[in-house]
Amino acid sequence: MATRETRELDAVVVGAGFAGLYMLLQLRDVLGLEAVVFETGDGVGGTWFWNRYPGARCDSESFYYCYSFSEELAQEWEWSSRYPEQPEILRYLNHVADRFDLRPDIQLETRVTSAAFQEESGRWRVETDRGDVVSARFLITAVGCLSASNVPEIEGLESFEGEWYHTGRWPHEPVDFRGKRVGLIGTGSSGIQAAPVIAAEARQLTVFQRTPNFTVPARNAPLDARRQREIKEGYDDIWRLTRETDGGFPYKPVERSALDHTKEERDAVFEELWREGGFKFMWGSFRDVLRDKKANATAAEFIREKIRATVKDPEVARKLLPTDHPYGSKRPPIDTDYYVTFNRDNVTLVDIRESPIVAITPNGVKTSDGHHDLDVIVFATGFDAMTGSLLRIDIRGVGGETLAEHWEAGPRTYLGLQVAGFPNLFTITGPGSPSVLVNMPVCIEQHVEWIADCIRHLRASGRQRIEASPEAEAEWVEHVYEASKQTLFWEARSWYLGANIPGKPRVFMPYPGGMTGYRARCDEVAEKGYEGFVLGG
Ligand code: N01
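### Some words on the nonpolar core
Nonpolar side chains tend to gather and get buried jointly when the protein is soluble and globular.
Phase 1 of the analysis: In this structure, Leu 27, Tyr 92, Phe 281, Tyr 327 and Trp 450 are the most contacted members of the largest nonpolar core, which totals 135 residues.
Phase 2 of the analysis: The biggest single contributor to this core is helix H15 (residues 440-460), with 11 residues.
Phase 3 of the analysis: Counting residues in hydrophobic clusters, the runner-up holds 22 residues, among them Val 12, Ala 115, Val 419 and Phe 422.

### Description of the side chain of Ser 469
Phase 1 of the analysis: One can find Ser 469 in the loop between strand S19 (465-468) and helix H16 (470-485).
Phase 2 of the analysis: Separated by 3.0 Å, the side chain of Ser 469 and the backbone nitrogen of Ala 472 make a polar contact.
Phase 3 of the analysis: Setting aside anything within four residues of it in sequence, one finds Ser 469 in contact with Ala 420, Gly 532, Phe 533 and Val 534.

### A closer look at the sheet that holds strand S8 (residues 181-185)
Phase 1 of the analysis: Reading across from one edge, S7-S16-S8-S9-S12 is the order of the 5 strands in this open sheet, with parallel pairing throughout. In this open sheet, the two edge strands, each paired with only one partner strand, are strand S7 (163-166) and strand S12 (347-351). Between one strand axis and the next, the sheet turns through 15 degrees on average, direction left out of account.
Phase 2 of the analysis: Pairing of S8 with strand S16 (residues 376-379) involves 4 bridges; the strand directions are parallel. Residue pairing across strands places Leu 184 opposite Val 378, the latter belonging to S16.

### Quick word on the environment of Ala 520
Phase 1 of the analysis: The residue Ala 520 is located in helix H17 (residues 515-527) in this model.
Phase 2 of the analysis: Given the relative accessible area of 42%, Ala 520 is considered partly exposed.
Phase 3 of the analysis: As a C-alpha pair, Ala 520 and Leu 21 span 499 residues in sequence and 25 Å in three-dimensional space.

### Comments concerning the site of the ligand
Phase 1 of the analysis: The ligand sits among 24 residues. The nearest are Arg 57, Thr 187, Ser 190, Arg 210 and Thr 211.
Phase 2 of the analysis: With respect to the ligand, the backbone of Thr 187 contributes an N or O atom lying 2.8 Å from an oxygen atom.
Phase 3 of the analysis: Contact distances for the ligand include 3.5 Å between an oxygen atom and a backbone N or O atom of Gly 188.
Phase 4 of the analysis: In isolation the ligand exposes 920 Å². Once the protein is present, 88% of that is buried.

### What about the packing of aromatic side chains?
Phase 1 of the analysis: What the rule picks out here adds up to 45 aromatic pairs.
Phase 2 of the analysis: With centroids separated by 5.4 Å and ring planes inclined at 80 degrees, the aromatic side chains of Phe 18 and Tyr 65 adopt a geometry described as edge-to-face. Separated by 47 residues along the polypeptide, Phe 18 in helix H1 (residues 18-30) and Tyr 65 in the loop between helix H2 (47-50) and helix H3 (71-76) bring together distant segments of the chain.
Phase 3 of the analysis: Note on Phe 18: relative accessible area 6%, which makes it buried.
Phase 4 of the analysis: Arranged with centres 6.4 Å apart and planes meeting at 65 degrees, the rings of Tyr 530 and Phe 533 form a pair that is edge-to-face.
Phase 5 of the analysis: By relative accessible area, which is 4% here, Tyr 530 ends up buried.
Phase 6 of the analysis: The side chain of Arg 169 reaches across the aromatic face of Trp 50, ending 4.1 Å from its centre.
Phase 7 of the analysis: In this structure, Lys 485 is placed above the aromatic ring of Trp 490, and the distance from its NZ or CZ to the ring centre is 4.6 Å.

### With respect to the pairing of strand S14 (residues 364-367)
Phase 1 of the analysis: Relative to S14, strand S13 (residues 357-361) runs antiparallel, the two being bridged by 4 bridges. Bridge assignment links Ile 357 to a residue of S14, and that residue is Thr 367.
Phase 2 of the analysis: Turn length for the S13-S14 hairpin, with the two strands adjacent in sequence and antiparallel, is 2 residues.
Phase 3 of the analysis: Two strands pair when backbone bridges link them, and S14 and strand S15 (residues 370-373) are joined in this way by 4 bridges, in the antiparallel orientation. Of the residues in S15, the one forming a bridge with Gly 364 is Asp 373.

### What to know about helix H6 (residues 225-233)
Phase 1 of the analysis: Those residues of H6 that fall on the buried side of the exposure criterion are Gln 228, Ile 231 and Lys 232. Around the axis of H6, the buried residues are gathered within 95 degrees of arc, so they sit on the same side. Away from its buried face by more than 90 degrees, H6 exposes Arg 226 and Glu 233.
Phase 2 of the analysis: Where the residues of H6 are buried, they touch H3 and helix H7 (235-244).

### A look at the sheet that holds S13
Phase 1 of the analysis: The sheet built from 3 strands is open, its strands ordered S13-S14-S15 with antiparallel pairing. The sheet terminates laterally at S13 and S15, the two strands that pair on one side only. Averaged over neighbouring strand pairs, the angle between their axes works out to 20 degrees when direction is ignored.

### Brief notes about the packing of helix H8 (residues 263-276) against helix H10 (residues 293-310)
Phase 1 of the analysis: Direction vectors running N to C along H8 and H10 enclose 65 degrees, while the axes themselves pass 11 Å from each other. Here the hand of the crossing between H8 and H10 comes out right-handed. Only Thr 298, Ala 299, Phe 302, Ile 303, Glu 305 and Lys 306 of H10 make contact with H8, whose side of the interface consists of Lys 263, Arg 266, Asp 267, Phe 270, Glu 271 and Trp 274.
Phase 2 of the analysis: For the contact of H8 with H10, the per-class residue count stands at 5 nonpolar, 1 polar and 6 charged.

Quick notes on the rules
Residues numbered from 1 in each chain as written. Predicted model: local features only at pLDDT ≥ 70, side-chain atom pairs only at ≥ 80, totals over all residues. Heavy atoms only, no water. Core = buried A, V, L, I, M, F, W, Y, C linked by side-chain atoms within 4.5 Å. Buried < 20%, exposed > 50% of the residue type's maximum accessible area, 1.4 Å probe, protein only. Helix = DSSP H or I, 4+ residues; strand = E, 2+ residues; numbered from the N terminus. Polar contact = N/O pair within 3.5 Å; in protein donor to acceptor, adjacent residues only side chain to side chain. Contact = heavy atoms within 4.5 Å. Pairing = 2+ DSSP bridges. Axes fitted to C-alpha atoms, helices over the stretch in contact; angles between N-to-C directions. Near = heavy atom within 4 Å. Areas by Shrake-Rupley, 256 points an atom, 1.4 Å probe, with all protein chains shown as cover. Phe/Tyr/Trp six-rings, centres within 6.5 Å; stacked < 30°, edge-to-face > 60°. Lys NZ or Arg CZ within 6 Å of the ring centre and 35° of its normal. Arc of directions from axis to C-beta. Left-handed = near helix turned anticlockwise from the far one by under 90°. Nonpolar A, V, L, I, M, F, W, Y, C, P; charged D, E, K, R; others polar.

Purely geometric stuff here, so don't read any function into it on its own.
Printed below as a string of structure tokens:
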């Protein structure tokens, strides 16, 4: 394990979530390197360690929201339900850490504070808040795309006399809402999962909504023995499909266009998928829902009709109707009983576009048209996505340039894997990679394996250094921008664009060109001797 003296290692991995655990396994057990993982939390699990809020569960289905690299692991692990709750996913990741004996090389409760590239040695000097100083050839970030939680600066928060929490930094001890008046700020995926669960327990729930969201029912259910068997027997097919599809989902892409069908025909398709539940509504309905405004409008209107039909009070229903962005241009949530929650007597919806939050007071939230008395405030206000978790580490590359300086006008990477001027730094699911637009474990495994192959290649060819060229980086940044222009993503103020963080540059951060093309491009780059990278040493 790491000590407080300077250690010489082959690699440092930052973060022990899905990405960090598998990266360690590849580095240590496949490549035979000496590596350490530094993890801030006092347990492994990353996102699934921190996001313990009520109702937190995966909104991808369990049978493909997991690792595929070990068939034995897949065969022996049994998911209880279609969408497992956060504790079950955390148990899975702990099982992985134990099963592959990863813990001896993971140092918990340790935040990496700085990493500086040493030009003379070609190594990274990494420091932590526990006083560790490590020298490593490779620095690999596995910090997660949605890890730097965003608590908005609202005047008076420090004066609030009740309890307040952020969904992404939820306490380990249960939070007791019984008999309490709870304010929930934010209606993204987290808020939409949390609202029904809090409403069922609290005396009163007040939901402060800035942007109404489109959400589709999850239809969670236990996995019965027959389904368990199908999943295990289907291992090869499932994972082949996830590698062949743009979203990393094991569903064959649909060919039909929403515009070639009558409203009745379209609605029949949407209705069937609404009943089935989950992301398939988006991927498996019509091929152009996410690409064509008119096609998108048909799905959006179908969901709005569902809201009108579900929510009894027409004024509340009106407030819940999303009208200012296309469906899917913000990351679409999946819910369990979200809209129906607004029929409860103990739930109030406050539209903070109509009556903005003015301040937090010692006993609640003051809006432009009144005061809401609260005992607890839950911020479901999201994250400084994709860049926040990297930029809070003081990372310095060649010539002492900081990553913050390099990314002043928005993140710049080559393939989302490397940054020009930061040799031997790899960013798993970094900005510029499909990452958050794709089933995460699929793109994590692709990155980890690509990075491991790259390091293997370097060692086999006697090289010690790899760095994205500024030209390749510039071309990739342009390519990501051009690909994003073909989509509807620019039509929303979303965290994909950094629009949720005041002052953050508006850059479309993930790569929207699809996982299959992206995977092929990464493979081609490697086959061509790491085209676009400069290899040295
Ligand atoms: O965060 P969000 P999230 N005042 O940014 C509002 C993943 N995830 O934690 O839309 C008032 O989506 C904000 O309003 P607006 C998933 O990728 C996965 O919910 O910006 N309100 C919005 O309503 C997801 O996309 C799972 O106008 C403010 C909300 O807060 C990502 O994490 C579960 C505000 C933030 O929504 C983030 O989701 C949960 C302010 N100052 C999350 N600032 C799975 O199940 C922000 N808001 C796998």
